[in-house]
Amino acid sequence: MQIKEYQWHPVFFKGKTPLWGYEVDEEDPQLLQPIPEHLDALEQAKDFREQGRSLREIARWLSNYTGVSLSHTGLVKRIERDNEQFEKV
């Protein structure tokens, strides 16, 4: 499957657990560095959701594709966070 590639940027780290799709910067622990392959796959997952696929199915696909576990509830929270950020802009 061909996944569209996007331009990603570091974000500030707030909280205890890094956002799915990011990793803590080794030089600045207050900064999260994007993992482009994971974030591109997350965008594909959002497209799958718009096509009517179930959250469990999408979360399972994301986990298999990236090798990083993500539950369906975690997927919902991650998508909601992106939507909130988009609305602020």
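Shown above is the structure to which this text applies.
Please read these numbers as outputs of a predicted model, since none were measured by experiment. (Residues numbered from 1 in each chain as written. Predicted model: local features only at pLDDT ≥ 70, side-chain atom pairs only at ≥ 80, totals over all residues. Heavy atoms only, no water.)

I tried to follow the overall build of the chain on my own but got confused; where do I start?
What the chain contains, in helices and strands, is three helices and three strands. In the chain, the order of α-helices and β-strands from amino to carboxyl end is β-β-β-α-α-α. Taking 12 Å as the expected radius of gyration for a compact globule of 89 residues, we find that the chain reaches 13 Å, a close match to that expectation. Overall, the C-alpha framework of the chain stretches about 40 × 30 × 25 Å when taken along its three principal axes. (Helix = DSSP H or I, 4+ residues; strand = E, 2+ residues; numbered from the N terminus. Rg over C-alpha atoms; globule rule 2.2 N^0.38 Å.)

What am I meant to see in the nonpolar core here?
The nonpolar side chains of a soluble globular protein tend to be buried with one another. In this structure, Leu42, Trp61, Leu62 and Leu75 are the most contacted members of the largest nonpolar core, which totals 17 residues. When residues of this core are traced back to their parent elements, those giving at least two are α1 (36-50), α2 (55-66) and α3 (72-88). Other than its neighbours up to four places away in sequence, Leu42 contacts Trp20, Leu62, Leu75, Arg78 and Asp82. (Core = buried A, V, L, I, M, F, W, Y, C linked by side-chain atoms within 4.5 Å. Buried < 20%, exposed > 50% of the residue type's maximum accessible area, 1.4 Å probe, protein only. Contact = heavy atoms within 4.5 Å.)

Is there a simple way to think about the sheet that holds strand β2 (residues 22-24) in this case?
By way of backbone hydrogen bonds, the strands of a sheet pair with one another, either parallel or antiparallel. Strand order across the open sheet formed by three strands is β1-β3-β2, with antiparallel pairing between neighbours. Either end of the sheet is taken by a strand with one partner, and the two such strands are β1 (11-12) and β2. Taken together, the three bridges between β2 and strand β3 (residues 31-34) define a ladder with antiparallel strand orientation. For Glu23, the partnering residue across the bridge sits in β3 and is Gln33. (Pairing = 2+ DSSP bridges.)

Would you mind going over the environment of Trp20 with me for this structure?
Mapped onto the elements, Trp20 comes out in the loop between β1 and β2. Sequence-distant contacts of Trp20, that is, excluding residues within four places in its chain, are made with His38, Leu39, Leu42, Leu62, Thr66, Val68, Ser69, Leu70 and Arg78.

Any chance you could explain α2 here in plain terms?
Side chains three or four residues apart in an α-helix point the same way, a direct result of the helix having 3.6 residues per turn. Along its twelve residues, α2 runs 16 Å from first to last C-alpha, staying within 8% of the 16 Å computed at 1.5 Å per residue. Among all positions of α2, only Leu55, Ile58, Ala59, Trp61, Leu62, Ser63 and Thr66 are buried. Of the residues one or two after α2, Gly67 is the one with positive phi, at around 80°. (Expected span 1.5 Å × (residues − 1).)

Got a minute to help me understand the packing of aromatic side chains in this structure?
Ring pairs (aromatic) are described by centroid distance and by the angle formed between their planes. Scanning the entire structure with this criterion turns up two aromatic pairs. For the ring pair Phe48 and Trp61, a centre distance of 5.0 Å and an interplane angle of 80° mean the geometry is edge-to-face. Here Trp61 lies in helix α2 and Phe48 lies in helix α1, a separation of 13 residues in the sequence. Judged by centre distance (5.1 Å) and plane angle (20°), the rings of Trp61 and Tyr65 are stacked. One end of the pair, Trp61, and the other, Tyr65, are both in helix α2, four residues apart, so they sit about a helical turn from each other. Overall, the relative accessible area of 42% leaves Tyr65 in the partly exposed class. (Phe/Tyr/Trp six-rings, centres within 6.5 Å; stacked < 30°, edge-to-face > 60°.)

These values are about where atoms sit, not about what they do.
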